[in-house]
Structures are given as structure tokens and as C-alpha cells.
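Chain by chain, the residues:
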Amino acid sequence: MAEPLPPLSLYIHTPWCVRKCPYCDFNSHEPQGNELPETAYLKALLQDIDGDLELAAGRTIHSIFIGGGTPSLLSPAFYKSLLSEVSARLPFAETIEITLEANPGTTEQSRFTGYRDAGINRLSLGVQSFHPDQLAALGRIHSGEEAVSAVNQARQAGFDNLNIDLMHGLPQQTPQLAMADIEQALALSPEHLSWYQLTLEPNTAFYAHPPTLPHEETLWDIQDQGHLRLQQAGLARYEISAYARPDRQSLHNLNYWQFGDYLGIGAGAHGKLSHMDAQGQWHIERHWKTRQPDAYLRRVNDPRGFIAGKQSIDENELPLEFSMNALRLTQGVPVSIWSAHTGLPVDVLLARLHNAEKKGLLMEMPKRLQASPQGLLFLNELLALISDE
């Protein structure tokens, strides 16, 4: 009997932001002119998803994540129309999670209420820090006070599922400053906290002109203190940089990490889809859309559609592709979902993991694929072992 297809999510990319942050390597662009092309972008997104309907084959959408850029620059009316049209094309699960990324300083009370009325039921606020010097170093346009206000406004609008994005290892940051950010975030009682270290990515201003970052010993101190404090506060670490209260993990990101499928619409959006051919053979393919916003909009009514490229995942690459996601989860995944999400026998995966287990980087198999505490610290080494087998 053929394995069932994995769960399906939808990612929607909005490529505009007020100002490009110096650390950001996402597909984000400062808009040209005073107004965003909401009507044109809505039309493009709907044509984009229409082109993917055959790939989705009527499958149910279990989660939606609207990322950017700064999605909160677009109006509630835009999202109400978009979500209504998408739900008319593909069935939504009754328990669907719909997340919108928002930045403090680009929202107000009426917008939060409008987003909630549009069907968005989870917010992810890009705070990064509450400290004025750190915010200035990161090029953020909001203050710590505005971040606190945004959380309060979101609560007043009815959002009871809220993530706060925080960064650590910031320029000139001490453990005391990092812990002060955590304490302020905890005072706001988020259901979820993404706490990740600043890295200098290619093609960013920080990569070209690196700021002075904390020494390695300081970074370890920050991480050790932060992990302990978040655990004490009842936010369990379930992914390398994600913490949540019970039953408040991000369903959308869990689907990524468990190697589920997802459609991607919008400028530069990526998708991953599994399907079976007429002979019952599995195929897994990644595809990506036209990246530049202006070029993406010019694809409206273009018979070529919005897909800029495709890549089939070779069977030999699947163990690494699967593990790169699953091993980010602190509890790993049941080995049984390997077959359910790749169509291949478990033995194919276990053969790749043997040396990593001998080195103590994996917990005892074969029931779960789970990094050991040492493996979580040296995840790149662990993945290299899986890749080189």
C-alpha cells in the first residue's frame, strides 16, 4: 500500500519593508513610491496559486504563514480578500493556523483588529531587542516601548497566540543586556518565543562591514543563561531556536521540520511538494517563484506562470534533506515518518546514520531520529556525517 502524502502548508511572501536591515538576507525590498501595489499583488498571488492547484491536487491546507519583508505593511482588507479567495480554491483544516509576521512601528490597534477579523489567528512580532542601542545597531525602525505597545494592542485585538522574535549575540551585547531582553519578553507572556543568534550572512551590509560581535565565551554564557531562564519560565525548547508553552508550538514550522509539504506563492517564495506517478512511485520536487517584486508582477497573465525554477530531490539526497529539518527539533521525530514523508524504506535512512550514532551525536535508534545534547551543539558536524556516508 502506498504511503499517504505528508501534511500540506502554504507560505505567502510579501517582499516589501520600510527599510532593509543590515543583517537581513531575506527577499525584502524598500518600496518605490508612497503606496504599495496591493491590488496588483493580490491579482498576482491568486494567479500564482491557481498555477499551483494541480500540484496541490485538492489537498487540505493545515497552516499558512505570511512572511516577508514586512507583511503588516499591507492592509487587513488585502488579507481578508486573499484568504477568502485561497479558501475558495483549497480546503482549510478546521484547526488551521494562520500566522502573520508584523513589525512594531508598522501597525496600530485598528490594523490588528482587522487582521484578526480577516482570519489571521497567530501573530509573530519581529522585536529582535528592546534596548535602544541594540535596536539602532540592527537598523530597526521601532523602539522598545513601541514593541511593548504592539504586544498590548495585539492582545486587545483578540490574539491569544503570539510569537516574539528576539536575537542575541548582538553588537556589543553583554549577557546582562541579553537577559534583560528575555526578561522584558517574558513580562509580555508570549505563547511562543523565537530566540536566535545573529549571524553574518552573505549579501548583507553586516557581511560587507562586520560589526564587533561578542566573543565566543560571551556567546556561550548568553546561550546557557537564556536557555535556563526560558525553561524556568515555562517555555520549553522544542527546536534549536524556538520555545513554546504547552501545545503552542508553531504548527507551520513543525511541518517544515518534519519534512512536510508546502506551497509557496509570492515573489521569491519556495515550495516543496510530493506526488505519486501512475506507477505509484514517489517524486519530491522543490520549486521557487520569480524573485524581484517588479518582475513578479510582470508575470501576471504570462503563460509561463510564476515558477522561476524547479529541482527534483534525488533519492541519494533525501537522507540529508530530511535530517537537516528533523534534527533541528530537540525531541527529533519518529523514524516511522521517514517512509511516510519520502516513500523510501527506513533502512535507507538508518544506513546513513550509523557513524553519527557511534560518535554520540544521535540518541539511541532506531525508533526516533533525535540529536543528542552534543549533536544539537554540533549540528553541522552531525549533518556532514550523514551527507558523507
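The coordinates are above.
Please read these numbers as outputs of a predicted model, since none were measured by experiment.

What follows covers a nonpolar patch on the surface. Judged by side-chain polarity, W220, L377 and F378 come together as a nonpolar surface patch covering roughly 280 Å² of accessible area. Along the chain, the position of F378 falls in the loop between α14 (373–377) and α15 (379–388). Using a relative accessible area of 36% as the deciding quantity, one classes F378 as partly exposed.

Summed over the entire model, instances satisfying the criterion amount to 11 salt bridges. Across the salt bridge formed by K289 and D52, the nearest N and O atoms sit 2.9 Å from each other. With K289 in strand β11 (residues 282–289) and D52 in helix α1 (residues 38–56), this pair connects stretches of sequence that are 237 residues apart. In this pair, the class of K289 matches that of D52, namely buried. Here R59 ties to D261 by a salt bridge, and the two come within 3.1 Å at their closest N and O atoms. Separated by 202 residues along the polypeptide, R59 in the loop between α1 and β2 (61–68) and D261 in strand β9 (residues 261–265) bring together distant segments of the chain. In terms of burial, R59 and D261 fall into one category: buried. Counted as one network, the salt bridges with shared partners bring together D48, D52 and K289.

We now examine the state of the cysteines. If you walk through the whole model with that rule in mind, you get 0 disulfides. Free cysteine C21: the closest other cysteine sulfur is in C24, separated by 6.3 Å.

Right, let's talk about the pairing of strand β3 (residues 92–102) for a bit. Pairing geometry for β2 and β3, over 5 bridges, is parallel. Note that in β3 the partner of I61 across the bridge is F92. In the classification by handedness, the crossover that spans β2, the intervening helix α2 (residues 76–89) and the parallel β3 is right-handed. Pairing analysis gives 4 bridges linking β3 to strand β4 (residues 122–128), with the strands arranged parallel.

Cut-offs and rules
Residues numbered from 1 in each chain as written. Predicted model: local features only at pLDDT ≥ 70, side-chain atom pairs only at ≥ 80, totals over all residues. Heavy atoms only, no water. Patch = residues over 30% accessible without salt bridge, like charges linked within 9 Å, V, L, I, M, F, W, Y side chains within 5 Å. Areas by Shrake-Rupley, 256 points an atom, 1.4 Å probe, with all protein chains shown as cover. Salt bridge = Lys/Arg side-chain N within 4 Å of Asp/Glu carboxyl O. Helix = DSSP H or I, 4+ residues; strand = E, 2+ residues; numbered from the N terminus. Buried < 20%, exposed > 50% of the residue type's maximum accessible area, 1.4 Å probe, protein only. Disulfide = S-S within 2.5 Å. Pairing = 2+ DSSP bridges. Right-handed = clockwise from strand over helix to strand, strands pointing away.

Just distances and angles here, no functional claims.
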